[in-house]
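Commentary on secondary and tertiary structure
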Amino acid sequence: MIRKNVSLDEVHLQKLQPLLEKHGGNLSAAIREVIDLVSLDSERSQIPEETGDLKNRKSSEVREQLIQNGECVMINQQTMKWLVKNSAGRLMDEDVVHELLNPYLLTTVSGLKEFLNSTSKTTGWKIEVSCSFRGEVVPESFTMDFVGGDRDFRELLVETVCIFLSRWMDLDVEALHRKSNSVTVYLIHFVRHDSQSISPGVRKHFGAKDLLYREIERKPDFWVTLAELYTKFNYQRVNLDKSLFEALVAGKLPDITKYFELKADRSLREIPLSELLPLFKYLVVAPQLVNDVEICTEKGKEQIKIRHDYSEESVVLTLIQLFSNVFNAGWHSFTVNYVSELIIFDFSLPDTPELDAVKVSSGLDLE
C-alpha cells in the first residue's frame with residue numbers, strides 16, 4: 001500500500017460530506033470511493049452497459065437517501081406542474097432559494113453550473129446547464145443555457161438560479177430567450193444599493209405578479225371583495241383617491257398633478273413630454289377614469305386621444321380641466337378638442353407666447 005499526503009480545503013471536505021457520513025467519517029474510504037467512481041466514468045467507452053447500470057444504481061441510492069432523510073419528497077408530476085404554473089409571476093422567497101442553492105458552498109459560476117447538472121441528474125429533471133462568462137468570481141457579463149427537461153420545471157430552475165445570481169453575485173437579468181426546449185439567460189453586472197431589494201431585471205422577468213400575490217395574502221378579504229364587485233358590475237367602476245373624491249363631493253376641482261410627480265419621483269416640469277404621455281395613460285386608465293388613451297410620442301406630432309363613455313358634458317369639461325392642469329404644470333402648450341365620447345389633446349404646436357395654453361373647439365371657457 002502506497003501512502004501519500006493530500007491537502008484538502010474546507011470546501012472540498014464539505015463536498016465529500018455525504019461520503020464521509022456513509023463511511024463513518026473515514027476520509028480514506030471516502031477518497032477511494034471517489035477514485036473508483038472517476039475510474040468507472042473514464043472507462044465508459046469500454047464497458048458502457050456496466051457503467052450505466054452502476055450510475056443508475058448510484059442515482060437511485062442517492063434519491064432514496066434524500067427521501068429517507070426528509071430532504072426530498074415524492075410528488076405526482078402533474079401536481080408539481082400545477083403548482084409551478086399557478087405560482088408563475090411570483091418570486092420565490094430567498095430562504096427557499098438558499099435551501100436549493102447554498103451561497104456559502106456555491107461561490108463561483110463554474111461551481112454553480114456543476115452543482116446544477118449534478119442535481120438535475122440526481123432528481124431526474126434532465127436539464128443540462130451550460131454557461132459562458134468573463135471572470136470567475138464576479139463576471140461582468142454572463143450567459144447561461146438551460147436545455148431539456150420539462151418546460152415548467154425548467155422555468156422554475158431558471159428563476160431560482162437568477163434570484164441566486166442576483167442576490168449573491170450581483171448579476172441582473174438583461175434578457176431571456178425562450179425556445180421550445182431551452183431557455184437562454186443574458187445577465188450583466190449591476191450595482192446593488194439595497195442588499196434586500198430584488199434587482200429590476202429579475203422582478204421584470206419573473207415577478208410580474210409578485211406584488212399582487214403578496215397584497216392578496218396581506219388583505220385577502222379586501223381584495224376578494226373588490227374582485228367580486230368589479231366582476232358583478234362588469235368593471236364599470238372608478239377607483240378614486242380619498243382626497244380626490246373629497247374634493248369632487250365638495251364641488252371643488254381636485255389637483256391630480258401630485259400623483260404624476262409621486263409616480264415619476266420628480267416635478268412635472270422635469271418630465272419631458274415623451275415620458276409624460278405614457279405616464280398619463282398609465283395613471284388615468286388604471287383607476288378607470290376613462291376607457292382608453294391612445295398616445296403618439298413622435299417628435300412634432302405628439303397627441304393623445306382619450307376615449308370615455310360619459311354622457312354629461314359638465315363631466316367631460318371637468319375631465320378636460322383636470323387633465324389640462326397636468327400639462328400646464330409641465331409647461332406644455334396644447335389645444336383640446338372634444339366630441340361625443342372622444343377628447344383630443346394636440347401638442348404639435350409652435351411654442352409661442354401668443355398661443356393660448358388651452359383651446360376648446362366648442363368655445364366654452366374652462367377657467
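So, here's what we can say about the structure. (Residues numbered from 1 in each chain as written. Predicted model: local features only at pLDDT ≥ 70, side-chain atom pairs only at ≥ 80, totals over all residues. Heavy atoms only, no water.)

1. With respect to empty space enclosed by the protein
The cut-off we apply is this: The distinction between a cavity and a pocket rests on a 1 Å grid over the protein atoms alone: a 1.4 Å probe fits inside a cavity but cannot get out, while a pocket stays open yet meets protein on both sides within 12 Å along at least five of seven lines, and a residue with an atom within 4 Å of a point counts as lining. Grid points are joined across faces, edges and corners, and a volume is the space filled by probe spheres set on the points. A run of H or I in DSSP counts as a helix once it spans at least four residues, and a run of E counts as a strand once it spans at least two, with each numbered from the N terminus. Just so you know the grouping, Ala, Val, Leu, Ile, Met, Phe, Trp, Tyr, Cys and Pro go in nonpolar, Asp, Glu, Lys and Arg go in charged, and all remaining residues, Gly too, go in polar.
All told, the structure shown has one cavity of 30 Å³ or more when counted by the stated rule. There is about 50 Å³ of room inside the largest cavity. Lining the largest cavity are E94, I163, S166, R167, R192, S197, I198, S199 and V202. The greatest single-element share of the lining of the largest cavity, amounting to three residues, is contributed by helix α8 (residues 151-169). Here the residues of the lining of the largest cavity are counted per class, giving three nonpolar, three polar and three charged.

2. Remarks on the sheet that holds strand β6 (residues 303-307)
The condition that has to hold: Two strands make a pair as long as DSSP finds a minimum of two bridges between them. Here the axes come from fitting lines to C-alpha atoms, over the contacting stretch only for helices, and the angles between their N-to-C directions go from 0 to 180 degrees.
Ordered in space as β5-β6-β8-β7, the four strands form an open sheet in which the pairing is antiparallel. Both edges of this open sheet fall to β5 (292-296) and β7 (335-339), since each of them pairs with a single strand only. Taken over all neighbouring pairs, the strand axes of this sheet differ in orientation by 15° on average, direction set aside. Here β6 runs beside strand β8 (residues 342-346); their pairing, made up of five bridges, is antiparallel. Bridge pairing in β8 places I304 opposite F345.

3. Structural notes on unusual backbone geometry
Its identity as a non-glycine residue notwithstanding, K126 has a phi of 60°, on the positive side. As for its placement among the helices and strands, K126 is situated in the loop between α7 (109-123) and β1 (128-133). Although it is not a glycine, D170 adopts a positive phi angle of roughly 55°. Tracing the backbone through its elements, the reader meets D170 in the loop between α8 and β3 (171-179).

4. What about a nonpolar patch on the surface?
Put simply, the rule is: For patch building, the residue pool is restricted to those with more than 30% relative accessible area and no salt bridge; the joining distance is 9 Å between like charges and 5 Å between nonpolar side chains (Val, Leu, Ile, Met, Phe, Trp, Tyr). Using the Shrake-Rupley algorithm and a 1.4 Å probe, accessible areas are obtained, with residue cover drawn only from the displayed protein chains. Any carboxyl oxygen of Asp or Glu within 4 Å of a side-chain nitrogen of Lys or Arg constitutes a salt bridge here. Each residue's exposure class comes from its accessible area (1.4 Å probe, protein chains only) as a fraction of the maximum for that residue type: buried when under 20%, exposed when over 50%, partly exposed otherwise.
A surface patch of nonpolar side chains, about 300 Å² in accessible area, is lined by L8, L27, I31 and I35. Positionally, I31 belongs in helix α3 (residues 27-42). Using a relative accessible area of 31% as the deciding quantity, one classes I31 as partly exposed.

5. Looking at the nonpolar core
Put simply, the rule reads: Remark: nonpolar core denotes a set of buried residues (Ala, Val, Leu, Ile, Met, Phe, Trp, Tyr, Cys) joined through side-chain atoms within 4.5 Å. Here a residue-residue contact requires only that any non-hydrogen atoms of the pair lie within 4.5 Å.
Judged by nonpolar contacts, the single largest core of 32 residues is most densely connected at L112, M144, F146, V161, L165 and V185. When residues of this core are traced back to their parent elements, those giving at least two are α7, β2 (141-147), α8, β3, β4 (182-189) and α9 (200-206). Here the element with the most residues in this core is α8; it accounts for 10 residues. Not counting the four nearest positions on each side in its chain, F146 is found in contact with I127, E128, V129, R154, L157, V158, V161, N181, S182, V183 and V185. Within the second largest apolar cluster, 30 residues are counted, among which are L273, V293, I306 and I320.

6. Focus: helix α11 (residues 220-232)
Here is the rule: Expected helix span is computed as 1.5 Å times (number of residues minus one).
End to end, α11 covers 18 Å across 13 residues, agreeing with the expected 18 Å (1.5 Å per residue, within 8%). Among the residues trailing α11, N234 stands out with phi positive, at a value near 55°.

7. With respect to the pattern of salt bridges
Opposite charge on two side chains allows them to pair when their charged atoms are near. Counted under the stated rule, the structure contains 13 salt bridges. The partner of E275 in a salt bridge is R266, and the shortest N-O contact between them spans 2.3 Å. With a closest N to O distance of 3.8 Å, E298 and K301 form a salt bridge. Through salt bridges that share partners, K81, D150, R151 and D152 make up one connected network.

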